[in-house]
Amino acid sequence: MTGLGAVFRPQLPPERLRAVVELADASGLEELWLWEDCFREGGISAAAAALAWSERVRIGVGLLPVPLRNVAITAMEAATLYRLFPGRPILAVGHGVQDWMGQVGARAESPVTLLREHLDALRALLRGERLTTRGRYVALDDVGLDWPPAGPVDILAGAGGPRTLRLSGAAADGTVLTASTAPDGVRRARRLIDEGRESAGRTDPHQVVVYLLTATGPDAAARLRAELAEEGLESVPDLGVAGDADAVAEAVRRLVEAGADTVVLQPTGDEPDPEAFVRFAAEEVRALVP
């Protein structure tokens, strides 16, 4: 079955999160995704609260920018979430927005090298390994977690460019694609991910998560056009969807046919009713997506 989720956008103040999480949990939404956008809510802190306020909904963080994080801290925080809430956290790591990384003095000269080293070390630590490594960016001396996850966990990578997509296929357990990815972009991403997987000799499953910019309600088309224009994406065909549940479900199906395993509905930044958006995803769209 196609995975379906929704985003709690960090343009909303943190105090709005609890009501949205509780509604997602009660309405049957499968996944609620959070972002660690500079300089808004923290990804791990928000995820911990969301997991504590809910009982069944999975909470994704897409994504944690690795230039901001020592890999040992990422591993400690991730392992804590996985042990406290087994089976419900979904964590993705990635380059982060390079301008933001520059603002805090953390911009890496080689973001791909940093992400590769972070992924390799993070996945090893979460497997319970004791690790000594000295790379260009990641250096660990006899580091191991006292409380690694009780079982295997998946770490996803946010990716967009060809090198990062191949890296994700080789070194991550799944890939998160932004809402600027149309169906043709998903097909291209899948090909590049598979190239990376083949180069690494990987045959295990690799899930692809795609955000879908979504607007519904009487002013949906105008809000969608405005956000695409603000992002400079108004000329990209087949990007985003505005309309009722039938229209949104059809857009989800196109992404799934292109290679997505999970589609996460991303409301516009000016969505007037986040709770209603979650209910729309869980109760109306879900019924139309096999």
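Please refer to the structure placed before this passage.
Bear in mind the structure is a predicted one, so any value in this text is a computation, not a measurement.

Attention shifts here to the environment of Pro148. Note on placement: Pro148 falls in the loop between β6 (139-143) and β7 (155-158). C-alpha separation for the pair Pro148 and Arg16, spaced 132 residues apart in sequence, amounts to 32 Å. Beyond its immediate sequence surroundings of up to four residues, Pro148 is in contact with Ala79, Arg83, Leu125, Leu126 and Gly128.

This next bit is on a negative patch on the surface. Side chains of Asp244, Asp246, Glu283 and Glu284 sit close together on the surface and give a patch of like negative charge. With respect to the helices and strands, Glu283 occurs in helix α10 (residues 274-285).

The next thing to look at is the pairing of β7. What you see with β7 is no split at all: Ile155 and Ala157 on one side and Leu156 and Gly158 on the other are buried throughout. With 3 bridges connecting them, strand β4 (residues 89-94) and β7 associate as parallel partners. Across the sheet, the residue bridging to Leu91 is Ile155, located in β7. Sheet topology note: the β7/strand β8 (residues 174-177) ladder contains 3 bridges and is parallel. Directly across from Leu156, in β8, lies its bridge partner Gly174. One crossover worth recording links β7 to the parallel β8 by way of helix α6 (residues 162-171), and it is right-handed.

To continue, consider the nonpolar core. Leu32, Leu265 and Val285 are the most contacted members of the largest nonpolar core, which totals 78 residues. Element by element, the count of residues in this core is highest for helix α5 (residues 111-126), at 9 residues. Ignoring any residue separated from it by four or fewer positions in sequence, one finds Leu265 in contact with Leu4, Gly5, Ala6, Val7, Leu212, Thr214, Val248, Val252, Phe277, Ala281 and Val285. Among the nonpolar cores identified, the runner-up in size contains 18 residues, and Trp33, Ala92, Val209 and Ala215 belong to it.

Along the polypeptide, Thr214 turns up in strand β9 (residues 207-215). A relative accessible area of 0% places Thr214 in the buried class. Ignoring any residue separated from it by four or fewer positions in sequence, one finds Thr214 in contact with Val241, Val248, Leu265, Gln266, Pro267, Thr268 and Phe277.

Quick look at α10 now. For α10, which comprises 12 residues, the first-to-last C-alpha distance of 15 Å matches the rise-based estimate of 16 Å (1.5 Å per residue) to within 8%. Regarding α10, the residues found buried are Pro274, Glu275, Phe277, Val278, Phe280, Ala281, Ala282 and Val285.

Looking now at unusual backbone geometry. Going from Cys38 to Phe39, the amide bond is cis rather than trans, its omega being 0°. The topology assignment puts Phe39 in the loop between β2 (31-34) and α2 (43-52). Going from Gly62 to Leu63, the amide bond is cis rather than trans, its omega being 20°. Phi angles above zero are rare outside glycine, and Asp142 is one such case at about 55°. Relative to the helices and strands, Asp142 resides in strand β6. Although it is not a glycine, Asp238 sits at a positive phi angle of roughly 60°.

Turning next to a nonpolar patch on the surface. A contiguous nonpolar patch, built from Phe39, Leu68 and Val104 and spanning about 280 Å² of accessible area, is present on the exposed surface. On the basis of relative accessibility, which here comes to 52%, the residue Phe39 falls in the exposed class.

Before going further, it helps to spend a moment on the packing of aromatic side chains. Under the defined criterion, the tally for this structure stands at 3 aromatic pairs. Measuring from ring centre to ring centre gives 6.5 Å for Phe277 and Phe280, while their planes differ by 45°; the resulting arrangement is tilted. Linking Phe277 with Phe280, this pair stays in helix α10, spanning 3 residues, or about one helical turn. The same class applies to Phe277 and to Phe280, which are both buried. Through successive ring pairs, a cluster of aromatic residues spans Trp33, Trp35 and Tyr211.

Rules used throughout
Residues numbered from 1 in each chain as written. Predicted model: local features only at pLDDT ≥ 70, side-chain atom pairs only at ≥ 80, totals over all residues. Heavy atoms only, no water. Helix = DSSP H or I, 4+ residues; strand = E, 2+ residues; numbered from the N terminus. Contact = heavy atoms within 4.5 Å. Patch = residues over 30% accessible without salt bridge, like charges linked within 9 Å, V, L, I, M, F, W, Y side chains within 5 Å. Areas by Shrake-Rupley, 256 points an atom, 1.4 Å probe, with all protein chains shown as cover. Salt bridge = Lys/Arg side-chain N within 4 Å of Asp/Glu carboxyl O. Lys, Arg positive; Asp, Glu negative; His and termini not counted. Charge placed at Lys NZ, Arg CZ, Asp CG, Glu CD. Buried < 20%, exposed > 50% of the residue type's maximum accessible area, 1.4 Å probe, protein only. Pairing = 2+ DSSP bridges. Right-handed = clockwise from strand over helix to strand, strands pointing away. Core = buried A, V, L, I, M, F, W, Y, C linked by side-chain atoms within 4.5 Å. Expected span 1.5 Å × (residues − 1). Phe/Tyr/Trp six-rings, centres within 6.5 Å; stacked < 30°, edge-to-face > 60°.

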